[in-house]
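Notes for the structure review
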Amino acid sequence: MKKLAVIIFRSPGQDPRKHEMEENILAALASDPDVAAAMAPHLYDLREADAAVASLRSVTGPLVVLAWLYPRAIHWTLDRLGIKGQRGETQLRRDDPEDEKRKDSASAPNASARTIWSLDLRDNDDTATHVAEIQRILRDLHAVSANAGPAASVTLPSVIRMQPSGVSLSRWYPVIDFGRCNDCMECLDFCLFGVYGVDDDGHVVVESPDNCKKGCPACSRVCPQNAILFPMHRTPAIAGAPGASFDARKLDLSELFGAPAAVQLAAAERNAALAGAEKEAKPRDNLDKLMDALDDAKL
Amino acid sequence: MPDELVFMMGNFAARFPTDRRYTLNHMWLNAEGDSVRFGLSAYAIRLLREVYFLEWSVDAGAAVRQKDEIGAVESSKAVAALYAPADGTITRFNAGALADPSAINKDGYGAGWLFEMTARAADAMEPAEYLKYLETSWTKAQELLKGQMAQ
């Protein structure tokens with residue numbers, strides 16, 4: 001019988017209710033003989049060299065992934081780490097019609113035949129609903145594998161806990177949705193920090209993620225295909241929410257806390273990031289020293 | 001002068017110590033030697049409710065301009081970006097609040113402070129002035145909350 005691998009990626013924050021839900025789902029799955037469940041650190045902060053990534057890559061069969069991110073962000077962040085598959089359909093949340101439409105015409109490079117179901121833990125705060133959805137996926141799989149011969153093996157032990165290797169630092173970089181990207185290279189032209197590059201096949205890739213300026217999502221705003229995600233950005237459309245619909249789960253109080261008008265945003269974000277970068281790169285010259293002396297003189 | 005002023009947010013009494021000043025984006029500030037310490041006012045904290053996630057998008061030592069986005073908070077009720085309250089250099093973030101943002105709710109005027117910066121001209125308000133500003137801000141806040149909940 002086919003074992004279904006289920007990975008729960010932890011929330012990056014301190015929210016006790018989120019951590020409790022992660023534990024509850026893991027506990028609920030532990031008793032299911034058809035499931036190999038594991039808890040892993042916050043997905044977006046993982047690096048390719050992390051032990052957790054190696055474990056995840058060893059799973060070759062179907063995979064269900066739960067994280068506190070939009071399903072699109074989950075899928076393409078995994079893809080970036082070399083954990084590839086077809087997007088499974090979940091009944092907790094409908095796919096973006098934009099993606100449905102493209103499903104036939106576009107296929108991600110190197111997408112493997114196995115299926116990965118990405119579930120957003122924010123969709124429902126009831127543990128049982130998530131567990132029930134996993135069991136539904138399992139039933140569907142059994143129905144298919146009854147006709148499809150022997151199943152792929154799953155090498156995960158029944159319950160494991162993957163720890164982040166070394167210090168876990170919160171990262172910031174773009175994730176490309178290759179189901180949407182059409183290699184127009186706008187991002188490559190727009191980004192001034194060399195984050196993007198082109199691979200041997202001529203596809204744009206996030207070549208140097210750590211060059212990205214924390215908090216800057218400007219390339220995502222200029223992408224004509226809305227193919228660039230910043231999974232941790234607070235604006236749902238940039239974080240990978242389906243469509244451009246407003247995320248009603250939480251209020252956005254930014255305006256009360258001093259947010260500027262949205263129209264000036266993309267240019268301001270890039271310029272601010274650039275100003276920061278120049279400051280780092282440029283050695284202080286005599287003019288700077290003179291300005292400091294003038295400041296100190298308090299004229 | 002009393003130790004604190006009170007602003008009623010519905011039935012909730014938001015308290016504002018008079019030993020410090022306040023900014024338009026609902027932070028308090030207190031000079032500590034050369035640097036100025038900032039935190040969220042009781043008004044901001046009440047709007048957010050329990051703060052679970054705090055993140056800074058700039059590093060300590062960064063020069064910022066007023067209204068630059070410097071970080072974000074997420075709470076049980078809301079998300080919000082945080083903006084620099086003044087021009088200057090951020091010298092230090094409160095590691096305690098970063099590790100456990102619940103300090104903001106427990107002791108927002110003390111252990112739950114956010115960051116320190118050398119601020120050249122913080123156009124800050126005296127507590128009484130801030131309270132007057134809150135009367136107009138409170139109307140705007142209620143409209144924003146109702147508007148977003150209606151969507």
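Residues numbered from 1 in each chain as written. Chains lettered and ligands numbered in written order. Predicted model: local features only at pLDDT ≥ 70, side-chain atom pairs only at ≥ 80, totals over all residues. Heavy atoms only, no water.

Quick look at the overall build of chain A
Looking only at helices and strands, one finds 10 helices and 11 strands in chain A. When burial is assessed residue by residue, chain A has 46% of its 299 residues classed as buried. Considering only contacts in chain A between residues 6 or more positions apart, those separated by 24 or more positions represent 76%. Accessible area for chain A stands at about 14700 Å²; split by element, carbon and sulfur atoms hold 52% of it. (Helix = DSSP H or I, 4+ residues; strand = E, 2+ residues; numbered from the N terminus. Buried < 20%, exposed > 50% of the residue type's maximum accessible area, 1.4 Å probe, protein only. Contact = heavy atoms within 4.5 Å. Areas by Shrake-Rupley, 256 points an atom, 1.4 Å probe, with all protein chains shown as cover.)

Details of helix α3 (residues 71-80) of chain A
Burial analysis of α3(A) places 9 of its 10 residues in the buried class, the great majority of the element. A:Pro71, A:Arg72, A:Ala73, A:Ile74, A:His75, A:Trp76, A:Thr77, A:Leu78 and A:Asp79 are the residues of α3(A) that are buried.

Observations regarding unusual backbone geometry
Residue and element names in this part refer to chain B. The backbone phi angle of His26 is positive, close to 65 degrees, even though this residue is not glycine. Relative to the helices and strands, His26 resides in the loop between β3 (21-22) and β4 (27-32). One non-glycine residue, Arg49, lies in the positive phi region at around 70 degrees. Within the secondary structure layout, Arg49 lies in the loop between α1 (42-48) and β6 (51-56).

Some words on the sheet that holds strand β10 (residues 88-93) of chain B
All names here are of chain B. Spatially, 6 strands are ordered β3-β4-β5-β11-β10-β7 in an open sheet, and the strand pairing comes out antiparallel. Two strands bound the open sheet, and with one partner strand each, they are β3 and β7 (63-64). Judged from the 2 bridges that link them, β3 and β4 form a sheet pairing that is antiparallel. Bridge pairing links Arg21 to Leu29 in β4. (Pairing = 2+ DSSP bridges.)

Overview of the confidence of the model for chain B
Model confidence for chain B is summarised by a mean pLDDT of 89, while 94% of its residues fall at 70 or above. For chain B, per-element mean pLDDT is lowest for helix α4 (residues 127-150) of chain B, which scores 81, and highest for helix α3 (residues 102-106) of chain B, which scores 95. (pLDDT = per-residue confidence, 0-100.)

A look at the sheet that holds strand β8 (residues 69-75) of chain B
The sheet built from 4 strands is open, its strands ordered β11(A)-β9(B)-β8(B)-β6(B) with mixed pairing. Every interior strand has two partners, whereas the edge strands, β11 (251-252) of chain A together with β6 of chain B, have only one. When β8(B) meets strand β9 (residues 78-83) of chain B, the two strands line up antiparallel, connected through 5 bridges. Within the sheet, the bridge partner assigned to B:Gly71 lies in β9(B) and is B:Leu82.

Topic: the side chain of B:Thr18
All names here are of chain B. For Thr18, the position within the fold is in the loop between β2 (12-17) and β3. A polar contact is formed between the side chain of Thr18 and the backbone oxygen of Pro2, at a distance of 2.6 Å. When sequence neighbours within four positions are dropped, the list of residues in contact with Thr18 reads Met1, Pro2, Asp3, Glu4, Leu5 and Pro127. (Polar contact = N/O pair within 3.5 Å; in protein donor to acceptor, adjacent residues only side chain to side chain.)

Topic: the environment of B:Phe115
All names here are of chain B. Within the fold, Phe115 resides in strand β11 (residues 115-119). Residue classification places Phe115 among the buried residues on the basis of a relative accessible area of 0%. Expressed as a C-alpha distance, the spacing of Phe115 and Arg92, which sit 23 residues apart in the sequence, is 5.5 Å. When near neighbours in sequence (up to four residues on either side) are disregarded, Phe115 contacts Met27, Val36, Arg37, Phe38, Trp56, Ile70, Pro85, Ile90, Arg92, Phe93 and Asn94.

Let's talk about the side chain of A:Ser254
Here A:Ser254 is to be found in the loop between β11 and α9 (265-281). Separated by 2.9 Å, the side chain of A:Ser254 and the backbone nitrogen of B:Ala81 make a polar contact. In this structure, A:Ser254 is in contact with A:Arg234, A:Ala259, B:Val79, B:Ala80, B:Ala81 and B:Tyr83, ignoring residues within four places of it in sequence.

Details of the packing of aromatic side chains
In the structure shown here, the tally under the stated rule is 15 aromatic pairs over all chains. When the ring of A:Trp76 is compared with that of A:Phe178, the centres are 6.2 Å apart and the planes differ by 70 degrees; the resulting orientation is edge-to-face. On the criterion of sequence distance, the pair formed by A:Trp76 in helix α3 and A:Phe178 in the loop between β7 (175-176) and α6 (186-190) is long-range, its members being 102 residues apart. Accessibility classification places A:Trp76 together with A:Phe178 in one group, the buried group. Each ring, one from B:Phe16 and one from B:Tyr130, has its centre 5.3 Å from the other, and the planes form 80 degrees; the classification is edge-to-face. Note that B:Phe16 is positioned in strand β2 and B:Tyr130 in helix α4, a separation of 114 residues in sequence. Here B:Phe16 matches B:Tyr130 in class, with each residue buried. Three or more aromatic residues link up through ring pairs in this structure, and these residues are B:Phe16, B:Tyr22, B:Tyr130 and B:Tyr133. A cation over an aromatic ring shows up here: A:Arg122 above the ring of A:Tyr70, its NZ or CZ 4.2 Å from the ring centre. Over the ring of B:Trp113 we find B:Arg37, and its NZ or CZ is 3.8 Å from the ring centre. (Phe/Tyr/Trp six-rings, centres within 6.5 Å; stacked < 30°, edge-to-face > 60°. Lys NZ or Arg CZ within 6 Å of the ring centre and 35° of its normal.)

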